[in-house]
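# Descriptive structure summary
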Amino acid sequence: TQWSRPMEVTTLTSGWTNEALLEEVLGGPWQVPSPLADTRAIDREDWRQRITPSLKQGGFNEVAFCRVDARDADALIDRTIEEYARLGLRFRWTVTPGAEPADLPERLARRGFGRVEIRGMARDLAPIETASRATVELVDTSTVDELSDVMAEGWSMDPAPLRPLHRAMVERAPDRYRLFLVREGRVPVGVGGYAAAPRSAYQMGAVVLPAFRGRGHYPALVAARLADGAARGIALATSQAREETSAPILERLGFVTVCRFPSFTSPSP
């Protein structure tokens, strides 16, 4: 594996080794191709990167792994920033276990990148009991625009660039990307999805609108996604969860922490 041993790994009772868990948490999402035709992916032992010109505010624009000599790091960082800026794209740079040089986080911070702390997490797909009275439905072409609108509202984003992305997931890659909508009555109040790698289901894009939080809807979204993955024969759920938001919720739902690392978001181009 390209990942060095992380500082923290907890083995699940389902028989996964520490190394296999780490590979699924960090490498699993990269086994799921982008649904968008303009995504360009670079995947080497020392570098993982995606560039998607049609998504200006993120999403499939990222450096997911970097291992470079310290003497060459500044030039590489500046070239990468310029590459995305030339296309008018924001992107994220995750400094996962095994990344080099060791001071890569400090170099990114000096260039104005915003930092958040991430926990790589995993759980088997045993059922979850939730108290939510809402309904969770699998999104199709008739409801995909609703999902985009709720996600945009939850994240304070423009929904316009999300719609073609989500439509591509539903129409072109429904086996790879599974999207879900949670409703109170008929009102859509939250969304979530997962990307299906060969051995794991990478949890992504979950948000509940602020006025409807604290009612069990986020756990209901997790439970629905795990049940859907289990029905398809997937053995493991993974997440790269923010320490301050979703990680504590997932921990209460049985996810264990596999590794910790920072993720950086570029300044606006």
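Refer to the structure presented above.
Cut-offs applied
Residues numbered from 1 in each chain as written. Predicted model: local features only at pLDDT ≥ 70, side-chain atom pairs only at ≥ 80, totals over all residues. Heavy atoms only, no water. Helix = DSSP H or I, 4+ residues; strand = E, 2+ residues; numbered from the N terminus. Rg over C-alpha atoms; globule rule 2.2 N^0.38 Å. Buried < 20%, exposed > 50% of the residue type's maximum accessible area, 1.4 Å probe, protein only. Contact = heavy atoms within 4.5 Å. Pairing = 2+ DSSP bridges. Axes fitted to C-alpha atoms, helices over the stretch in contact; angles between N-to-C directions. Parallel < 35°, antiparallel > 145°, perpendicular 65-115°, else oblique. Left-handed = near helix turned anticlockwise from the far one by under 90°. Nonpolar A, V, L, I, M, F, W, Y, C, P; charged D, E, K, R; others polar. Salt bridge = Lys/Arg side-chain N within 4 Å of Asp/Glu carboxyl O. Right-handed = clockwise from strand over helix to strand, strands pointing away. Disulfide = S-S within 2.5 Å.

Turning next to the overall build of the protein chain. A tally of regular secondary structure across the protein chain gives seven helices and eleven strands. Its C-alpha radius of gyration of 18 Å places the protein chain within 12% of the 18 Å reference for a compact globule of 269 residues. The principal-axis extents of the C-alpha atoms in the protein chain amount to approximately 55 × 45 × 30 Å. For the protein chain, the proportion of its 269 residues judged to be buried stands at 52%. Pairs at least 24 apart in sequence give 69% of the contacts found in the protein chain among residues at least 6 apart.

Another aspect to go through is the pairing of strand β8 (residues 187-196). The buried count for β8 comes to nine of ten residues, which makes it a mostly enclosed element. Where strand β7 (residues 177-184) and β8 come together, eight bridges link them in antiparallel fashion. From the neighbouring strand, Tyr177 faces β8, where its bridge partner is Ala195. Here β7 hands over to β8 after two residues, with Gly185 in that stretch at a positive phi of 65°. In this structure, β8 lies alongside strand β9 (residues 200-208), joined through six bridges in antiparallel fashion. Bridging from a neighbouring strand, Val191 pairs with Val207 of β9. Linking β8 back to β9 in an antiparallel pair, the connection comprises three residues.

Let us now look at the side chain of Ser266. Position of Ser266 relative to the elements: it lies in the segment after β11 (256-265). When its relative accessible area of 4% is taken as the criterion, Ser266 is described as buried. Excluding residues that lie within four positions of it along the chain, Ser266 makes contacts with Leu89, Arg90, Phe91 and Phe113.

Helix-helix packing is characterised by the crossing angle of the two axes and by the distance between the axes. Running from amino to carboxyl end, helix α4 (residues 144-155) crosses helix α5 (residues 162-172) at an angle of 135°, the nearest separation of the two axes being 9 Å. By the angle between their directions, the pair α4 and α5 is classed as oblique. Relative to α5, α4 is oriented so that their crossing is right-handed. Across from Val144, Asp145, Leu147, Ser148, Asp149, Met151 and Ala152 in α4, the residues of α5 making contact are Leu162, Arg163, His166, Arg167 and Val170. Split by residue class, the contact of α4 with α5 holds six nonpolar, two polar and four charged.

In the structure shown here, the tally under the stated rule is 24 salt bridges. With a shortest N-O distance of 3.1 Å, Arg40 and Glu83 are connected by a salt bridge. Taken as a pair, Arg40 in strand β1 (residues 40-44) and Glu83 in helix α2 (residues 70-86) lie far apart in primary sequence, 43 residues in all. Taking the shortest distance from any N to any O, the salt bridge between Asp74 and Arg111 comes out at 3.1 Å. Taken together, the residues span a long stretch of sequence, with Asp74 in helix α2 and Arg111 in the loop between α3 (104-110) and β5 (114-124) at a distance of 37 residues. Assessed through its relative accessible area of 23%, Arg111 is described here as partly exposed.

In terms of burial, β9 is largely enclosed, as seven of its nine residues are buried. Judged from the three bridges that link them, β9 and strand β10 (residues 236-242) form a sheet pairing that is parallel. Looking at β10, one finds that Ser200 is bridged to Leu236. The handedness of the β9 to β10 crossover, carried by helix α6 (residues 217-231), is right-handed.

Turning our attention to the sheet that holds strand β6 (residues 135-138). One open sheet accounts for eleven strands, arranged β1-β2-β3-β4-β11-β5-β10-β9-β8-β7-β6; its pairing is mixed. Looking along the sheet, the strands with just one partner apiece sit at the ends: β1 and β6. In this sheet, neighbouring strand axes are inclined to one another by 25° on average, regardless of whether the strands run parallel or antiparallel.

Attention shifts here to the state of the cysteines. Within the structure shown, the criterion is met by zero disulfides. With no disulfide partner, Cys66 has as its closest neighbouring cysteine sulfur the one in Cys259, 17 Å distant. The buried category is assigned to Cys259, whose relative accessible area is 0%.

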